[in-house]
Amino acid sequence: MLQLNKVNICEKAVADEKMGSFVMDGYFYVLTTIDLFVLCFMCILTHLSESLSEKQKRGFFLAYLMIAGISVLEVITVVVDGLPSGYRWLNIVSNYLGFGLSPAVSVCLVYVLDRKTALRRKIRIAVCCEIAYLMFLLVSVPYGMVFSVSADNMYSRGPHFYIYVIMYFGAILYLSISTIITAREFQNRSRMLIYPLILFVMVETIIQVALPELHVTWLCVTLLSVLYFIYCNEMWNQLDALTGLLNQNSYLKQTQKIKYNSGVLVVFDVDDFKQVNDCHGHVKGDLCLAGIAECIKKAYADFGYCYRIGGDEFCVLLKKQSERRGMQTGISAAVDRETKKVRNFFQQFLTDQLHFQVKILQLSKTEPIGICINIKKDERNIAVQVC
C-alpha cells in the first residue's frame, strides 16, 4: 500500500509539472501573438510617418523584421524541443539564428539614428563584429560552446553561454551610448529618459538569463523598440531638417515656459544672405546655412540651446543668466576657436562681405548688451571680427 501511494504521488507530480509547462507555453504563445501584432502595427506606422527619411524607415523595418523573426524562432525552439530526433536540425537552426541575430537589432536601431545615406565608420565596425560573431557561433555549434542540442533533441546552455550574454549586453550598450551622443549633439532636452530605457532592458535581460523558462525577452525588446520609435520621433520633430539645430516650433514652446526676467537670448541675423543664393544657387546657399549653424552650435552649445528661427535667422537661449562681462568673454573665446574653420568654409561663398549681426538681449530689457560678428572678404583674405 505504501509503495502504491508513492507511485501515485510521483505520477501526480509529473502530471502537475506537465500542466504547469503547458500553461507556461500557452502564456508564451499568447505573448508572441501580441508581440507580432504590435510589430505589424509599428511597421504600418513607420511606413506612414512623414518625419522619417527613407533610410530611417529601412532601419526600423529591418529591426522590426528581426524582432518578429527571432520571436517566431523562439516559439519553434519551444515547440520542437524534446520531439523525436528528426526535428533536431530545426532546433539547432532556430537556436543558432535566434542567438546570432539578437545583437543585430541594436545595430539596426543605431543605423536609424544617422540621417546621412552613407554608413559611418562606427556602424561598419559594428556590422563587421556582428558578422564575426555569427561565424564564430556557426563554428561552435558542433562543440556546444554557447548552446547544445543533444541526440535526443533536448536543448541546453553551453559552458560558454556567457559569450552570447556579453554580445547582447555589448550591443545594448552600443545603442545606448550612440543614442546619448546623438541626443546631446541635437541638444535634446529629453535625453535623460534614455537611462530608464537602458535600465529596463538590462534588468529584463538579467531576469531572462536567471529564469530562462519565462520567455519575456522579445516582448520586452518589442516594447523597447516602440518606446525608442516614440523617443526618436520626438527628438527629430524638434529639429530643423537643414541645419540640425532646434527648430522654430521648439523655440516658441520653450520661450513660453520661461520668465521674461530670468533669461538671456543671443539673436543672429545674416545680412544680405540673398547674395549667396544669387551668386551660387540655393543648393550652395543651403550648405552655407548648414555651415553657419555648425559654427554657432560649436561655439554656443556649452552656453545654451541653439535654434534656427527663420531663413537666415538664428538664436541661442542661454541656460543660465550670467554677468555681462563674463558672458561676453566666454562667448568671444568660443567664437575665436571657430575662426579658422569659418575662414576656410566661407572662402567659397563670400563675394564682398557677409555680416553676422549678433545681439545679446536680457529678456527683462529691450536694448542689446553685447556682441556682433562681421565676416568680411577683401582682395587678400577673410577677416572674422568680434566686437
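Residues numbered from 1 in each chain as written. Predicted model: local features only at pLDDT ≥ 70, side-chain atom pairs only at ≥ 80, totals over all residues. Heavy atoms only, no water.

Attention now goes to the state of the cysteines. The bond known as a disulfide is covalent and runs between the sulfur atoms of two cysteines. Under the counting rule described, the total for this entry stands at zero disulfides. Distance from the sulfur of Cys129, which forms no disulfide, to the nearest cysteine sulfur (Cys128) is 7.1 Å. Between Cys306, a free cysteine, and Cys315, which holds the nearest cysteine sulfur, the sulfur-to-sulfur gap is 8.6 Å. For Cys306, a relative accessible area of 0% gives the class buried. (Disulfide = S-S within 2.5 Å. Buried < 20%, exposed > 50% of the residue type's maximum accessible area, 1.4 Å probe, protein only.)

So, about the pattern of salt bridges. Within the structure shown, the criterion is met by one salt bridge. Arg308 is the partner of Asp240 in a salt bridge, and the nearest nitrogen-oxygen pair spans 3.2 Å. Residue Asp240 is found in the loop between helix H7 (217–237) and helix H8 (248–257), and its partner Arg308 is found in strand E4 (residues 304–308); the two are separated by 68 residues along the sequence. Accessibility assignment for this pair places Asp240 and Arg308 in one class, buried. (Salt bridge = Lys/Arg side-chain N within 4 Å of Asp/Glu carboxyl O. Helix = DSSP H or I, 4+ residues; strand = E, 2+ residues; numbered from the N terminus.)

Bringing the side chain of Ser178 into the picture now. Mapped onto the elements of the fold, Ser178 is located in helix H5 (residues 162–185). The buried category is assigned to Ser178, whose relative accessible area is 14%. Here the side chain of Ser178 touches Tyr174 through a polar contact of 2.8 Å, landing on its backbone oxygen. Once residues within four sequence positions are removed from consideration, Ser178 is found in contact with Val110 and Leu113. (Polar contact = N/O pair within 3.5 Å; in protein donor to acceptor, adjacent residues only side chain to side chain. Contact = heavy atoms within 4.5 Å.)

With that settled, the discussion passes to the nonpolar core. Ranked by size, the top nonpolar core spans 60 residues in total, and within it Phe60, Tyr164, Trp236 and Tyr307 carry the most contacts. Core analysis: the next-biggest nonpolar cluster, separate from the first, contains 17 residues, Phe268, Val270, Phe273 and Ile292 among them. (Core = buried A, V, L, I, M, F, W, Y, C linked by side-chain atoms within 4.5 Å.)

Quick look at the pairing of E4 now. A large share of E4 lies buried, amounting to five of its five residues. Bridging between E4 and strand E5 (residues 313–318) involves five bridges; their strand directions are antiparallel. Residue Gly304 lies in a different strand from E5, and its bridge partner there is Leu318. What sits between E4 and E5 in their antiparallel hairpin is a turn of four residues. (Pairing = 2+ DSSP bridges.)

Another aspect to go through is the packing of aromatic side chains. Considering all chains together, one arrives at ten aromatic pairs under this definition. Here the aromatic rings of Phe161 and Tyr164 are separated by 5.6 Å at their centres, their planes lie at 50°, and the arrangement is tilted. Neither Phe161 nor Tyr164 differs from the other in exposure class; each is buried. What links up through ring pairs into an aromatic cluster is the set Phe99, Phe147, Tyr155, Phe161, Tyr164 and Tyr168. Above the plane of the ring of Tyr111 lies Lys55, whose end atom (NZ or CZ) is 3.9 Å from the centre. Of note, Arg157 hangs over the ring of Phe161, and the distance from its end group to the ring centre comes to 4.4 Å. (Phe/Tyr/Trp six-rings, centres within 6.5 Å; stacked < 30°, edge-to-face > 60°. Lys NZ or Arg CZ within 6 Å of the ring centre and 35° of its normal.)

Turning our eyes to something else, we now look at the confidence of the model for the chain. Averaged over every residue, the pLDDT of the chain is 75; the share at 70 or more is 72%. Segment residues 348–387 is flagged for pLDDT under 50; beyond a separation of four residues in sequence, or across chains, it makes 127 contacts in the model. (pLDDT = per-residue confidence, 0-100.)

H5 packs onto helix H3 (residues 88–113) with a crossing angle of 5° between their chain directions and a minimal axis gap of 9 Å. In terms of their interaxial angle, H3 and H5 are classed as roughly parallel. Counting all contacts with H3, which are made through Phe99, Ser102, Pro103, Ser106, Leu109, Val110 and Leu113, the residues of H5 involved are Tyr164, Met167, Tyr168, Ala171, Ile172, Tyr174, Leu175, Ser178, Thr179 and Thr182. Classifying every residue of the contact of H3 with H5 by side-chain character gives twelve nonpolar, five polar and no charged. (Axes fitted to C-alpha atoms, helices over the stretch in contact; angles between N-to-C directions. Parallel < 35°, antiparallel > 145°, perpendicular 65-115°, else oblique. Nonpolar A, V, L, I, M, F, W, Y, C, P; charged D, E, K, R; others polar.)

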